[in-house]
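Topology and contacts: notes
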Amino acid sequence: MTAPDPRPLTGEPVSLDLLNTRWNHEGVLQDLLTDEEGLAVWLAANGLDGRFTADAPTLRHTLAARDALTAVVDRPGDPGATARVDAVLGHGRIRATLTTEGPGEEAEFADPARGPGWIAARDYLDLLRTAPDRIRACAHEACVLHFFDTSRNGTRRWCSMATCGNRAKASRHYARTKDS
């Protein structure tokens with residue numbers, strides 16, 4: 001059994017969920033992926049624990065994928081960042097399949113330790129195809145979390161209205177009342 005997931009934001013698409021393995025807690029940067037136990041928590045949170053092992057090689061390759069995705073999200077269009085994600089994608093492929101349920105696809109990896117990072121990078125491509133303008137970083141200056149904006153009008157600004165959004169509203173209120 002894996003430990004509980006301590007992160008404040010979960011349930012995002014797997015590529016952004018990998019980015020969200022780092023977060024701020026009371027001004028201190030936290031990192032879920034410091035060891036194999038944290039990797040096991042992340043794999044379980046994304047339904048990957050049955051397919052991949054939380055071991056040192058998988059952790060190393062998943063961290064490399066997280067760093068590549070962080071670079072491309074922070075600097076979209078940057079050739080170096082793009083090349084890093086492309087390098088992660090170079091370690092897997094999609095094989096077309098036909099099953100009794102119909103056509104499908106199956107991811108294949110020469111090295112299974114590269115699987116979770118590859119799946120996250122592939123998911124990022126899917127988000128770019130779907131709605132690249134909805135891949136967002138939280139607007140709170142102290143927050144490092146990312147989300148995929150699924151709001152109807154596409155104007156979500158905060159990873160969570162209950163935390164970062166509320167902090168921003170409280171700060172604005174304090175500034176208004178202080179000036180009065």
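Described in the following lines is the structure provided in the data block. This one's a predicted model, so the numbers in the text were calculated from it and none came from an experiment.

Turning our attention to unusual backbone geometry. Its identity as a non-glycine residue notwithstanding, Glu-26 has a phi of 55°, on the positive side. Tracing the backbone shows Glu-26 in the loop between β1 (22-25) and β2 (28-31). Take Glu-26: its relative accessible area is 75%, and that puts it in the exposed class.

Moving on to the pattern of salt bridges. Evaluation of the coordinates by the stated rule reveals 12 salt bridges. For Arg-7, the salt bridge goes to Asp-17, with nearest N and O atoms at 3.1 Å. Of the two residues, Arg-7 sits in the segment before α1 (14-19) while Asp-17 sits in helix α1, which places them 10 residues apart along the sequence. Both residues of the pair, Arg-7 and Asp-17, belong to the buried class. Glu-106 is the salt-bridge partner of Arg-95, the closest N and O atoms lying 3.7 Å from each other.

Scanning the model with the defined rule gives two aromatic pairs in all. A centroid spacing of 5.4 Å and a plane angle of 70° characterise the contact between Phe-109 and Trp-118, whose relative ring orientation is edge-to-face. Take Phe-109: its relative accessible area is 17%, and that puts it in the buried class. In this structure an aromatic cluster arises from ring pairing among Phe-52, Phe-109 and Trp-118. Of note, Arg-156 hangs over the ring of Phe-147, and the distance from its end group to the ring centre comes to 4.0 Å.

Further remarks concern the packing of helix α3 (residues 56-74) against helix α5 (residues 115-130). For the pair α3 and α5, the least separation of the axes is 8 Å and the interaxial angle reads 20°. Judged by the angle between their axes, α3 and α5 are roughly parallel. Pair α3 / α5 crosses with right-handed handedness. Contacts between α3 and α5 involve Thr-58, Thr-62, Ala-65, Leu-69, Val-72 and Val-73 on the former and, on the latter, Pro-116, Gly-117, Ala-120, Ala-121 and Tyr-124.

What follows is about the environment of Trp-158. Take Trp-158: it is sitting in the loop between β6 (146-148) and α6 (161-179). Between the C-alpha atom of Trp-158 and that of Trp-42, which follows or precedes it by 116 residues, the distance is 22 Å.

Ranked by internal contacts, the top residues of the largest apolar core, which has 42 residues, are Trp-42, Leu-69 and Cys-159. Considering every element that reaches this core, the biggest residue donor is α3, with seven residues. In contact with Cys-159, not counting residues within four places along its chain, are Leu-9, Cys-138, Cys-143, Leu-145, Phe-147 and Cys-164.

What follows concerns the packing of α3 against helix α4 (residues 79-89). Two numbers describe a pair of packed helices, the interaxial angle and the distance between the axes. Their axes nearest at 8 Å, the elements α3 and α4 cross at an angle of 145°. Viewed along their axes, α3 and α4 form a crossing whose handedness is left-handed. Along its contact with α3, which presents Ala-65, Asp-67, Ala-68, Leu-69, Ala-71 and Val-72, the element α4 presents Ala-81, Thr-82, Arg-84, Val-85 and Val-88. Grouping the amino acids of the contact of α3 with α4 by side-chain chemistry returns eight nonpolar, one polar and two charged.

Conventions and cut-offs
- Starting from 1, residues in each chain are numbered consecutively following that chain's sequence as written.
- The predicted nature of this model means local features are confined to residues of pLDDT at least 70 and side-chain atom pairs, given and counted, to a pLDDT of 80 or more, with totals for whole chains, interfaces and linings taken over all residues.
- As a rule here, side-chain values cover all heavy atoms of the structure and leave hydrogens and water aside.
- Only DSSP runs of H or I with at least four residues qualify as helices, and only runs of E with at least two residues qualify as strands; both kinds are numbered from the N terminus onward.
- For each residue, the accessible area found with a 1.4 Å probe, counting protein chains only, is set against the maximum for its type, and the residue is called buried under 20%, exposed over 50%, and partly exposed in between.
- Counted as salt bridges are all cases of a side-chain nitrogen of Lys or Arg within 4 Å of a carboxyl oxygen of Asp or Glu.
- Aromatic contacts are taken between Phe, Tyr and Trp rings whose centres are within 6.5 Å, Trp giving its six-membered ring; a plane angle under 30 degrees counts as stacked, one over 60 as edge-to-face, and the others as tilted.
- Geometrically, a charge over a ring is one whose NZ (Lys) or CZ (Arg) sits within 6 Å of the ring centre while staying within 35 degrees of the ring normal.
- To define axes, lines are fitted to C-alpha atoms, for helices over the stretch in contact only, and angles between the resulting N-to-C directions are given on a 0 to 180 degree scale.
- In this scheme, roughly parallel covers angles under 35 degrees and roughly antiparallel covers those over 145, while 65 to 115 is roughly perpendicular and the rest are oblique.
- By definition, turning the near helix anticlockwise from the far helix through less than a right angle yields a left-handed crossing, and turning it clockwise yields a right-handed one.
- Only heavy atoms enter the contact rule, under which two residues are in contact if any of them lie within 4.5 Å.
- What is meant by a nonpolar core is a set of buried Ala, Val, Leu, Ile, Met, Phe, Trp, Tyr and Cys residues, joined one to another through side-chain atoms within 4.5 Å.
- Under this grouping Gly is polar, as are all residues other than the nonpolar Ala, Val, Leu, Ile, Met, Phe, Trp, Tyr, Cys and Pro and the charged Asp, Glu, Lys and Arg.

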